Amino acid sequence: MWKELCMKHGVLRSFRKGDEFIRIGEIAKYIGFITKGSLKYIVYTTEDKEKVIGLETVGGFAASFPYCLKEIPSEWSVIVNNDSELYCISAEKIKDLIRENSHIKQCINETLEAVFYDIYNRHIELYALSPKERYEKLLNRCPQLFEIFQLKDIASYLNITPQHLRRLKK
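Here is what the cut-offs are and how they apply
- Residues take numbers from 1 onward in each chain, read along the sequence in its written order.
- With the structure being a predicted model, the display of local features is reserved for residues of pLDDT at least 70 and the display and counting of side-chain atom pairs for 80 or more, all residues being used for whole-chain, interface and lining totals.
- As a convention, hydrogens and water are excluded, and side-chain values are obtained from all of the structure's heavy atoms.
- Counting from the N terminus, the helices are DSSP H or I runs at least four residues long and the strands are E runs at least two residues long.
- Radius of gyration here uses only the C-alpha atoms, and the compact-globule reference equals 2.2 Å multiplied by the residue count raised to the power 0.38.
- Burial status follows relative accessibility: with a 1.4 Å probe on protein chains alone, a residue under 20% of its type maximum counts as buried, one over 50% as exposed, and anything between as partly exposed.
- Between two residues, a contact is recorded if the distance between any of their heavy atoms is within 4.5 Å.
- Calculation of accessible area relied on Shrake-Rupley with a 1.4 Å probe; when residues are assessed, cover is drawn exclusively from the protein chains displayed.
- Two residue types count as positive, namely Lys and Arg, and two as negative, namely Asp and Glu; His and chain ends fall outside the count.
- For this purpose, a charge sits on NZ of Lys, CZ of Arg, CG of Asp or CD of Glu.
- Put simply, two rings from Phe, Tyr or Trp (the six-membered ring, in Trp's case) pair if the centres are within 6.5 Å, and we call them stacked under 30 degrees between planes, edge-to-face over 60, tilted for the rest.
- In our convention, an over-ring charge means Lys NZ or Arg CZ found within 6 Å of a ring centre and within 35 degrees of that ring's normal.
- When DSSP locates at least two bridges between a pair of strands, those strands are taken to pair.
- In this analysis a 1.4 Å probe is tested at points of a 1 Å grid over the protein atoms alone, and where it fits but cannot get out there is a cavity; an open set with protein on both sides within 12 Å along at least five of seven lines is a pocket; lining residues have an atom within 4 Å of a point.
- Grid points are joined across faces, edges and corners, and a volume is the space filled by probe spheres set on the points.
- When residues are grouped by polarity, Ala, Val, Leu, Ile, Met, Phe, Trp, Tyr, Cys and Pro land in nonpolar, Asp, Glu, Lys and Arg in charged, and all others, Gly among them, in polar.

Caption draft 1: Structural view of the overall build of the protein. Of the regular secondary structure elements, the protein holds eight helices and six strands. Moving toward the C terminus, one meets the helices and strands of the protein in the order α-β-β-β-β-β-α-β-α-α-α-α-α-α. Taken over C-alpha atoms, the radius of gyration comes to 17 Å for the protein, in line with the 15 Å a tight globule of 170 residues would show. Dimensions along the principal axes, computed over C-alpha positions, put the protein at roughly 55 × 35 × 30 Å. In the protein, which comprises 170 residues, the share counted as buried stands at 38%. Taking the intrachain contacts of the protein between residues at least 6 apart in sequence as the baseline, contacts between residues at least 24 apart amount to 69%. Summed over its atoms, the accessible surface of the protein is roughly 10100 Å², and 51% of this surface lies on carbon and sulfur atoms. Computed over 26 positive and 23 negative side-chain charges, the inter-centroid distance for the protein is 4 Å.

Caption draft 2: Broad picture of the packing of aromatic side chains. The full count for this structure, using the stated rule, is eight aromatic pairs. Geometrically, the ring pair formed by Phe15 and Phe21 is edge-to-face, given 5.5 Å between the ring centres and 80° between the ring planes. Here Phe15 falls in the buried class, since its relative accessible area comes to 16%. For the pair Tyr67 and Trp76, a centre-to-centre distance of 5.3 Å together with 70° between the ring planes defines the contact as edge-to-face. On the basis of relative accessibility, which here comes to 25%, the residue Tyr67 falls in the partly exposed class. A relative accessible area of 14% means that Trp76 is categorised as buried. Ring pairs connect the aromatic residues Tyr41, Tyr67 and Trp76, which therefore count as one cluster. Lying across the ring of Tyr30, Arg13 places its NZ or CZ 4.5 Å from the centre. Arg122 extends its terminal NZ or CZ atom over the ring of Tyr157, reaching a point 3.8 Å from the ring centre.

Caption draft 3: Representation of the pairing of strand 6 (residues 77-90). Alignment of strand 1 (residues 11-15) against strand 6, held across five bridges, turns out to be antiparallel. Residue pairing in the sheet places Arg13 in a bridge with Leu86 of strand 6. In this sheet, strand 6 lies alongside strand 3 (residues 30-44) in antiparallel orientation, the contact comprising eleven bridges. Within the sheet, the bridge partner assigned to Tyr41 lies in strand 6 and is Val78.

Caption draft 4: Focus on empty space enclosed by the protein. Enumeration over the complete set of coordinates arrives at one cavity of 30 Å³ or more. A volume near 50 Å³ is recorded for the largest cavity. What lines the largest cavity is Arg122, Glu125, Arg134, Lys137, Leu138, Arg141, Tyr157 and Leu158. Classifying every residue of the lining of the largest cavity gives three nonpolar, no polar and five charged.

Laid out in structure tokens, this is it:
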């Protein structure tokens, strides 16, 4: 549903490596469907160290969801990892569509449920799986991972050091 909404009602936009699609502390105005490139979700520790909490590639989405629909500042930034293109639909347009179509509201609820499960499963993986198991699971989901993202970003996402990741790769 999101792909169709973004492509039908959104605008194709180009972004350069390093651009902020969403900035932490600001209200996100768009949800984007990635047609080219990749993005990373980041937060900062109290020591101002960047931590990667999500990696998205072609066919994925970039959003501060559901914060953007509630006009709540984002808790994370979404940074363009390499030159990318996204179909971007405004949060305002989505709110209009929700008012016009109850099916869209149902899809939003299903998305919230899916996001909850994804986040909860990731949380469980961080505690229940070893770094090697998390690495293998991520690599199975995205075999071209090291062609798309820097080793330091992958290590951060796995919550291990780059040195540990180098050892796991061997």
